[in-house]
Amino acid sequence: SQTIHQWPATLVQPVGSPLSLECTVEGTSNPNLYWYRQAAGRGLQLLFYSVGIGQISSEVPQNLSASRPQDRQFILSSKKLLLSDSGFYLCAWSPNHYEQYFGPGTRLTVT
Amino acid sequence: AQSVSQHNHHVILSEAASLELGCNYSYGGTVNLFWYVQYPGQHLQLLLKYFSGDPLVKGIKGFEAEFIKSKFSFNLRKPSVQWSDTAEYFCAVSSSNDYKLSFGAGTTVTVRA
């Protein structure tokens, strides 16, 4: 069966520091991959999605970037974190462009 | 992108009461519809989905949802809730030619024993 992992689970970083969040999927090949940010009372906001290695689409211009160096690996990065980057980041995968399956998330606090 | 509205921010009810959570979306074309649930401390999980066919969809844990195209709605229902149904529920929509999900703001459901 397929599983999705995210790490770290929690992260506290100072303003201006870099960021790297990792997401990996097991048990499938060529998944569609997604990064979301979840804010309380505001649902999930799609940040990036990828349909293949090296193919990244950005939904919201911001301080973050994403990369897909391997088929089942999706990385969310920032060169310099802002206070407003604090939040709960979710990675998701989809086998077929339809339903998406979510990872456990990373709680990021920028201080 | 579609917009998705969930009418209730927080619902509080007693065990055995019936539950209905409203969801409306803005897109006029063919859509795929989903309900996700996030139990306290757990992953976001897919509760049920609708692509085509019978507009009444059965999901896990006794939940069902009805797609009413004329009303752009996909309301979630459960006839008799349990304490374990306490969770946050999210409605999500994608168009048939676009695999990006748009989520509603979520409804927190608290079931009192």
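Parameters and conventions
Residues numbered from 1 in each chain as written. Chains lettered and ligands numbered in written order. Predicted model: local features only at pLDDT ≥ 70, side-chain atom pairs only at ≥ 80, totals over all residues. Heavy atoms only, no water. Helix = DSSP H or I, 4+ residues; strand = E, 2+ residues; numbered from the N terminus. Buried < 20%, exposed > 50% of the residue type's maximum accessible area, 1.4 Å probe, protein only. Disulfide = S-S within 2.5 Å.

Things to note about unusual backbone geometry
Next, step 1: Note the cis peptide between A:Trp7 and A:Pro8, where omega equals 0 degrees.
Next, step 2: Of note, A:Pro8 is situated in the loop between strand S1 (3–7) and strand S2 (10–13).
Next, step 3: We note that B:Lys61 has phi near 60 degrees; this positive angle belongs to a residue other than glycine.
Next, step 4: Within the secondary structure, B:Lys61 is located in the loop between strand S7 (56–58) and strand S8 (64–68).
Next, step 5: Judged by relative accessible area, which is 47%, B:Lys61 ranks as partly exposed.
Next, step 6: In this model, B:Phe72 sits at a positive phi of 50 degrees, which is unusual for a non-glycine residue.

With respect to the state of the cysteines
Next, step 1: Taken as a whole and assessed by the stated rule, the structure comprises 2 disulfides over all chains.
Next, step 2: Two residues share a disulfide in this structure: A:Cys23 and A:Cys91, whose sulfurs sit 2.0 Å from each other. With the S-S bond torsion at -75 degrees, the cross-link from A:Cys23 to A:Cys91 turns out left-handed. Residue A:Cys23 is found in strand S3 (residues 19–26), and its partner A:Cys91 is found in strand S9 (residues 87–94); the two are separated by 68 residues along the sequence.
Next, step 3: Classification of A:Cys23 as buried rests on a relative accessible area of 1%.
Next, step 4: Classification of A:Cys91 by relative accessible area gives buried; the value is 0%.
Next, step 5: Between the sulfur atoms of B:Cys23 and its disulfide partner B:Cys91 the distance amounts to 1.9 Å. Linking B:Cys23 and B:Cys91, the disulfide has an S-S dihedral of approximately -65 degrees and is accordingly described as left-handed. Of this pair, B:Cys23 sits in strand S4 (residues 23–25) while B:Cys91 sits in strand S10 (residues 87–95), and the two are 68 residues apart along the sequence. This pair shows no difference in class: B:Cys23 is buried, exactly as B:Cys91 is.

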